[in-house]
Amino acid sequence: MRPAPTPVAYPKLGRIIAVSSGKGGVGKSTVAVNLAVALAQAGARVGLMDADIYGPNIPRMMGVGRPPEVGPDDKIVPLEAHGVKLISLGFLIERDQPAIWRGPIVMKIVTQFLQDVSWGELDYFVVDMPPGTGDAQLSLVQATFVHGAVIVTTPQEVSVGDALRGVKMFQRVGVPVLGVVENMSWFECPHCGKPTPLFGQGGGQRLADEVNVPLLGQVPLFPRVMEGGDTGRPIVVADATSGAAKALTAIAGAVRDAIAAARAP
């Protein structure tokens, strides 16, 4: 059996943060995008790598779609939006092209995005993972040292159960889990302001308690979050005073504090 690759340190990337979820449709990419932009708004140098090669949504969510250029050093020049440097497979393939790839190809793409892109000097490197506990997650932790993982869930138990497996996967491979983000925690009526928990309540806190990590925050279900994702304007940019934007900005602060406390190698 071929031995697992030895992880390579990329100190210029700063603190590497994986944003992951147990299942799709819970808003993981939304959290990753707004986390990256909120960190940049706070003055940090931030890179965002789209490792969700089967559903690369970062180009649309950040409002950029042109292919990146190659610099004089033969490295890919990342695109930039909202103060964040970006790379995604979505910049390199046609919009309707399916990624029908096995593990070795996934590993190659993840490694190339780490070492063949001119990221410059960064403070934080946010990685939007595909849902689940598959090839991309394993490829990332085999390719480099991940300093922390953020697990995204919605309140209902079916999502929490899948997220629990994601937590256990990162813990098993030695990646500190910084905490849990509960997305779509409630719908806030635009007329009366009353919160309605459409997907149940308390799931994120129960998961955080079970695995002994903090609940980093709860994000309300807000239509402009979805609209911003479709139009390339993350909610922390499009409507910074909204409850969702304030929650995501606070989550970015909590992640910053948690990763400073973790100080993984």
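Before reading on, note that the structure itself is shown above.
Everything quoted here is computed from the prediction, not taken from an experiment.

> Honestly, unusual backbone geometry in this entry has me stumped. Any pointers?
Comment: phi is negative for the bulk of residues other than glycine, and the bulk of peptide bonds are trans. Of note, the phi angle at M184 is positive, near 60°, even though the residue is not glycine. By the element assignment, M184 lies in strand β7 (residues 177-188). You will see that N212, though not glycine, has its phi angle at about 60°, which is positive. Structurally, the position occupied by N212 is in the loop between α6 (203-211) and β9 (215-221). Judged by its relative accessible area of 70%, N212 is exposed.

> I tried to follow helix α9 (residues 243-262) on my own but got confused; where do I start?
In an α-helix there are 3.6 residues to a turn, and that puts residues three or four apart on one side. Taking 1.5 Å per residue, 20 residues should reach 28 Å; α9 reaches 28 Å between its end C-alpha atoms and fits that length. Along α9, the residues that are buried comprise A244, A245, A247, L248, I251, A252, G253, V255, A258 and I259.

> Help me understand the nonpolar core in this model?
In terms of nonpolar packing, the biggest core is built from 86 residues, with L48, M49, M62, V84, L86, F125 and V126 touching the most fellow members. Among residues more than four places away in sequence, those in contact with M62 are V33, V37, L48, A81, H82, V84, L86, G232 and P234.

> Any chance you could explain the packing of aromatic side chains here in plain terms?
When we look at a pair of aromatic rings, we describe it by the centre distance and by the angle of the planes. One pass over the structure, following the stated rule, counts 1 aromatic pair. Taken together, a centroid distance of 4.9 Å and an interplanar angle of 85° make the contact between W119 and F125 edge-to-face. Using a relative accessible area of 2% as the deciding quantity, one classes W119 as buried.

> Explanation requested: helix α4 (residues 135-143) in the structure shown.
Taking burial as the measure, the 9 residues of α4 include 7 buried ones, the bulk of the element. What α4 keeps buried is the set A136, Q137, S139, L140, V141, Q142 and A143.

> Sorry, what's going on with the side chain of S29 here?
Considering the arrangement of structural elements, one finds S29 in helix α1 (residues 28-41). A relative accessible area of 9% places S29 in the buried class. There is a polar contact of 3.4 Å between the side chain of S29 and the side chain of K28.

What counts, and where the lines are drawn
Residues numbered from 1 in each chain as written. Predicted model: local features only at pLDDT ≥ 70, side-chain atom pairs only at ≥ 80, totals over all residues. Heavy atoms only, no water. Helix = DSSP H or I, 4+ residues; strand = E, 2+ residues; numbered from the N terminus. Buried < 20%, exposed > 50% of the residue type's maximum accessible area, 1.4 Å probe, protein only. Expected span 1.5 Å × (residues − 1). Core = buried A, V, L, I, M, F, W, Y, C linked by side-chain atoms within 4.5 Å. Contact = heavy atoms within 4.5 Å. Phe/Tyr/Trp six-rings, centres within 6.5 Å; stacked < 30°, edge-to-face > 60°. Polar contact = N/O pair within 3.5 Å; in protein donor to acceptor, adjacent residues only side chain to side chain.

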